[in-house]
Amino acid sequence: MSYKDEKQLLDSKRDSLYINSLKGVEFSQKDKDKVWEKIVAETNKEKNIKHNMFLNFRMAIAVAILLIAITTFTIINTIFNQSTINQNIITLKTGGEVLKIEQVEIERVEVANLKEVFFLDNGKINVSVTPSKEKKHIEIKTVDASIVVKGTIFNVNKDNNGTKVDVIRGKVEVFPFGKGRDSYILEKDMSITIEPFNIWLEKVKSEGVEAYKNQNYSVAEKKLIIYNMNEYSYDIVSILARVSEQKNDYKEAIKYYNIIVERSSGVKKETALLASALLEERVGNIKRTISIFEEYLQNYPDGVFSSEIENRLKKLKNSKK
Amino acid sequence: MIEESYIKNLKAGNMNDFHKLYEDYSPMIYRFAFSMRNDKNFAEDVVQETFIKVYKNIESFKIDNRLENPLKSWIYKIAKNHIVTELKKFKKLNDTEMFDEYILHTNCIEDKGINLNDSEKIKKIYEEVNRLSDKKRATFNLFFVEELTADEIASIMKEGRGTILKRVQRIREELKTLFEEEI
C-alpha cells in the first residue's frame with residue numbers, strides 16, 4: 001500500500017461515528033491531576049534514592065549475622081591463603097579478589113558459604129574489592145538485606161533502625177528481604193536505607209486496600225498479591241477473591257476462597273465454602289459444587305447457610321436426574 | 001520536529017518539562033488504553049505506569065530521525081507494552097458489559113441523539129471490534145483513532161510497515177459493519 005493509499009484509507013473513516021466517539025474520550029483535568037500526583041510521588045522516591053534520602057525502618061527476617069572478631073579472624077587466617085591484620089583493618093583474600101574490611105565496630109563476623117558471604121550482625125564495615133578477571137560473588141548480609149558486590153567500595157551500616165548502604169565507588173545491588181520486593185542498584189554516591197520488612201508489608205497492604213476502595217482493581221490486585229506472598233490475611237485474601245470475581249476470573253476467585261477454607265474456621269470458613277461452591281457452579285463444575293455442599297452439610301449441619309445449601313443441593317441433584 | 005534541548009532537559013530530570021510532556025501526551029495514552037478495555041481505572045493505571053517508566057528510562061531514549069515525532073512513538077511503545085502485559089491478567093468482558101462501558105464513557109448516544117436503530121448498529125460495530133485480537137485492536141486504535149502513520153505504528157509494535165498495513169486490511173475485512181455502512 002502506498003503512502004497515498006494509506007492516507008486515503010484513514011480519511012475514509014474520518015466521518016465514522018464510532019471512531020469519532022473514541023476520539024472524544026476525555027481524560028478529565030481532575031483525573032489527570034490525580035494521576036500526576038501519583039507519578040510525582042513515585043518519581044520522588046527515585047530521586048530520594050539518588051540523593052541519599054534516609055528512609056526509616058526495621059527489619060524482621062533471615063538468620064542472625066555476625067561480625068568480624070579477632071577470634072574469628074584466626075579461623076579466617078587458616079581458611080584463606082593470606083590474611084593480615086593491621087590495627088582495625090582486616091584484609092581477606094578470596095579467590096583473587098582482596099576484600100578489605102575496615103573500621104569494624106563490632107567484634108564478630110562469621111564466614112560462611114565458600115567465604116563469599118559475610119554476615120554483619122551490627123556495626124559498620126567498609127568493603128573495598130579490587131576487581132579481578134574472574135568476578136566472584138561477594139555478598140554482605142544483614143537481617144534486612146543482602147548486599148552483593150559488583151566491583152566497588154561501599155559501607156554497610158546496621159543498627160536498630162535498619163540497614164544503610166552507601167556506595168563510595170562502583171556498583172552494588174541491594175536485595176531487601178521479602179517476596180515481591182524490588183532490588184536496588186546503587187552507584188557512586190548513592191545510598192539507601194532498607195525499610196524494615198513489617199513496615200514495608202504494612203504499607204503494601206494499606207495501599208492495596210485503599211486502591212480497592214477506590215475501585216482501582218488492577219493496582220489493588222498487584223499490591224495485595226505481593227502482600228499475600230508474604231503473609232496470610234483473611235481480609236486480604238477475601239479482597240483478592242472479590243477482585244478476581246470482578247474480572248470474571250472465577251477460577252482465580254475459587255483458588256482464593258479455597259485458601260480461606262484451608263486457613264480459616266467458623267463463619268469465615270462456612271462463607272468461603274459457599275462462595276467457592278457457587279463459583280464452581282457458575283463455571284459448570286456441578287459435580288464439584290455438589291461435593292462442596294455435601295462437605296459443608298456434613299461439617300456444619302446447623303451452620304449459617306445449611307438450610308440454603310440443603311435447598312440448592314436438592315435442586316442440583318434433581319436437575320441432574 | 002522534536003527539540004534537542006527539550007530532550008536534554010527531560011534527561012536532566014527537569015520536572016517542569018516532564019509535567020509539560022505529561023500534559024501533552026497523557027490524553028492520548030489515556031484514550032488508547034481506554035479503547036483497549038473500556039475501563040477508566042485501567043486507563044488511568046496505564047497512564048500512571050507509562051509516565052513513571054518514561055521518567056525512569058528517559059536517559060535511554062534516542063531520537064529516531066526517520067519518525068516525525070520519535071518521542072511520541074516511544075511513549076506509545078511503553079504504553080502498548082504495559083497494556084499487553086496487563087491485559088493478560090484480565091479475562092475479556094463480554095460484549096454487553098464492554099458495550100455498556102463504551103456508551104457510558106463516550107456519550108456517543110447522548111451527544112449525537114442517536115435513536116434506537118442507530119444504537120443497535122453502533123452495538124454491532126462494537127461487538128465486531130471487541131472480537132478483534134489485542135494486537136489487531138491496538139493497530140486499529142493507533143491507526144484510525146490516534147491517526148498514527150503505519151511507520152509510527154511499526155516502530156511502536158516493532159514490526160514492518162508492510163505487516164502493519166496488511167493487518168489494517170484484515171481488520172477492514174473483520175469489521176464489516178464499520179467499513180461497509182455506518183450511521
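Source: prediction; values computed, not measured.

### Describing the overall build of chain B
Item 1. Helices and strands together make up the secondary structure of chain B, namely eleven helices and zero strands.
Item 2. Reading the helices (α) and strands (β) of chain B from amino to carboxyl end gives α-α-α-α-α-α-α-α-α-α-α.
Item 3. For chain B, the proportion of its 183 residues judged to be buried stands at 54%.
Item 4. Considering only intrachain contacts with a sequence separation of at least 6, the fraction spanning at least 24 residues in chain B is 70%.
Item 5. As displayed, chain B has an accessible area near 8700 Å², and 45% of this comes from carbon and sulfur atoms.

### Remarks on the environment of A:Glu210
All names here are of chain A.
Item 1. Considering the arrangement of structural elements, one finds Glu210 in helix α5 (residues 197-213).
Item 2. Overall, the relative accessible area of 43% leaves Glu210 in the partly exposed class.
Item 3. Separated by ten residues in the primary sequence, Glu210 and Ala220 place their C-alpha atoms 7.6 Å from one another.

### Structural notes on helix α8 (residues 134-145) of chain B
Residue and element names in this part refer to chain B.
Item 1. In this model α8 runs 15 Å from its N-terminal to its C-terminal C-alpha over twelve residues, within 8% of the 16 Å that 1.5 Å per residue would give.
Item 2. A large share of α8 lies buried, amounting to ten of its twelve residues.
Item 3. Along α8, the positions that sit buried rather than exposed are Lys136, Arg137, Ala138, Thr139, Phe140, Asn141, Leu142, Phe143, Phe144 and Val145.
Item 4. Just downstream of α8, Glu147 is the residue with a positive phi angle, here 55°.

### Some thoughts on the packing of helix α6 (residues 217-230) of chain A against helix α7 (residues 234-246) of chain A
Residues and elements named next belong to chain A.
Item 1. Interaxial distance between α6 and α7 falls to 10 Å at its minimum, and their mutual angle equals 140°. As far as their axial angle goes, α7 and α6 are oblique. By crossing handedness, the relation of α6 to α7 is classed as left-handed. Every residue of α7 that contacts α6 at Tyr217, Glu221, Leu224, Ile225, Tyr227 and Asn228 is listed here: Ile236, Val237, Ile239, Leu240, Val243, Ser244 and Gln246.
Item 2. Its residues placed into classes, the contact of α6 with α7 shows nine nonpolar, three polar and one charged.

### Quick look at the nonpolar core
Item 1. In terms of nonpolar packing, the biggest core is built from 66 residues, with B:Phe18, B:Leu21, B:Phe51 and B:Leu71 touching the most fellow members.
Item 2. Here the element with the most residues in this core is helix α2 (residues 15-37) of chain B; it accounts for twelve residues.
Item 3. Counting 40 residues, the second largest nonpolar core, distinct from the first, contains A:Leu224, A:Ile254, A:Tyr257 and A:Ile260.

### Brief notes about the confidence of the model for chain B
Residue and element names in this part refer to chain B.
Item 1. Within chain B, residue pLDDT values average 79, and 79% of them lie at 70 or more.
Item 2. Taken element by element, chain B is modelled with least confidence in helix α6 (residues 108-112), mean pLDDT 42, and with most confidence in helix α3 (residues 40-57), mean pLDDT 91.
Item 3. In this model, residues 107-117 is a region of pLDDT below 50 whose contacts with residues beyond four sequence positions or in other chains number 13 contacts.
Item 4. Two numbers describe this predicted complex: its pTM, 0.45, and its ipTM, 0.82.

### Quick notes on unusual backbone geometry
Item 1. Positive phi is not limited to glycine here, since A:Asn248 has a value of about 60°.
Item 2. Secondary-structure assignment places A:Asn248 in the loop between α7 and α8 (250-263).
Item 3. Notably, B:Glu147 is not glycine yet its phi reads approximately 55°, a positive angle.
Item 4. As for its placement among the helices and strands, B:Glu147 is situated in the loop between α8 and α9 (150-157).

### Considering the packing of aromatic side chains
Item 1. Under the defined criterion, the tally for this structure stands at twelve aromatic pairs over all chains.
Item 2. When the ring of A:Tyr212 is compared with that of A:Tyr217, the centres are 5.8 Å apart and the planes differ by 55°; the resulting orientation is tilted.
Item 3. Grouping aromatic residues by their ring pairs yields a cluster made of A:Trp36, B:Phe18, B:Tyr22, B:Phe51 and B:Tyr55.
Item 4. Between the NZ or CZ atom of A:Lys255 and the centre of the ring of A:Tyr256, over which it lies, the distance is 5.3 Å.

### Remarks on the interface of chain A and chain B
Item 1. Each partner contributes residues to the interface: chain A has 42 residues there, and chain B has 58 residues.
Item 2. When the two sides are added together, the surface that chain A and chain B hide from each other amounts to roughly 4700 Å², 63% of it contributed by carbon and sulfur.
Item 3. When the buried surface of chain A facing chain B is broken down by residue, A:Leu17, A:Tyr18 and A:Trp36 rank first, second and third, together holding 16% of it.
Item 4. Scanning the region where chain A abuts chain B turns up three salt bridges.

### Details of the side chain of B:Arg167
Residues and elements named next belong to chain B.
Item 1. Following the sequence through the fold, Arg167 ends up in helix α10 (residues 161-174).
Item 2. With a relative accessible area of 6%, Arg167 lands in the buried category.
Item 3. When near neighbours in sequence (up to four residues on either side) are disregarded, Arg167 contacts Lys135, Lys136, Thr139, Met157 and Glu159.

### Observations concerning the pattern of salt bridges
Item 1. This structure, assessed with the given rule, holds 22 salt bridges over all chains.
Item 2. The partner of A:Lys203 in a salt bridge is A:Glu195, and the shortest N-O contact between them spans 3.0 Å.
Item 3. Residue class for A:Lys203 comes out partly exposed when judged on its relative accessible area of 38%.
Item 4. A salt bridge links B:Arg161 to B:Asp151, with the nearest nitrogen and oxygen atoms 3.8 Å apart. On the criterion of sequence distance, the pair formed by B:Arg161 in helix α10 and B:Asp151 in helix α9 is long-range, its members being ten residues apart.
Item 5. Its relative accessible area of 18% is what places B:Arg161 among the buried residues.
Item 6. Ionic contacts of the salt-bridge type, sharing partners, join the residues A:Asp31, A:Lys34, B:Lys40 and B:Glu44 into one network.

Cut-off values and rules
Residues numbered from 1 in each chain as written. Chains lettered and ligands numbered in written order. Predicted model: local features only at pLDDT ≥ 70, side-chain atom pairs only at ≥ 80, totals over all residues. Heavy atoms only, no water. Helix = DSSP H or I, 4+ residues; strand = E, 2+ residues; numbered from the N terminus. Buried < 20%, exposed > 50% of the residue type's maximum accessible area, 1.4 Å probe, protein only. Contact = heavy atoms within 4.5 Å. Areas by Shrake-Rupley, 256 points an atom, 1.4 Å probe, with all protein chains shown as cover. Expected span 1.5 Å × (residues − 1). Axes fitted to C-alpha atoms, helices over the stretch in contact; angles between N-to-C directions. Parallel < 35°, antiparallel > 145°, perpendicular 65-115°, else oblique. Left-handed = near helix turned anticlockwise from the far one by under 90°. Nonpolar A, V, L, I, M, F, W, Y, C, P; charged D, E, K, R; others polar. Core = buried A, V, L, I, M, F, W, Y, C linked by side-chain atoms within 4.5 Å. pLDDT = per-residue confidence, 0-100. Phe/Tyr/Trp six-rings, centres within 6.5 Å; stacked < 30°, edge-to-face > 60°. Lys NZ or Arg CZ within 6 Å of the ring centre and 35° of its normal. Buried area = accessible area lost by both parts, 1.4 Å probe. Salt bridge = Lys/Arg side-chain N within 4 Å of Asp/Glu carboxyl O.

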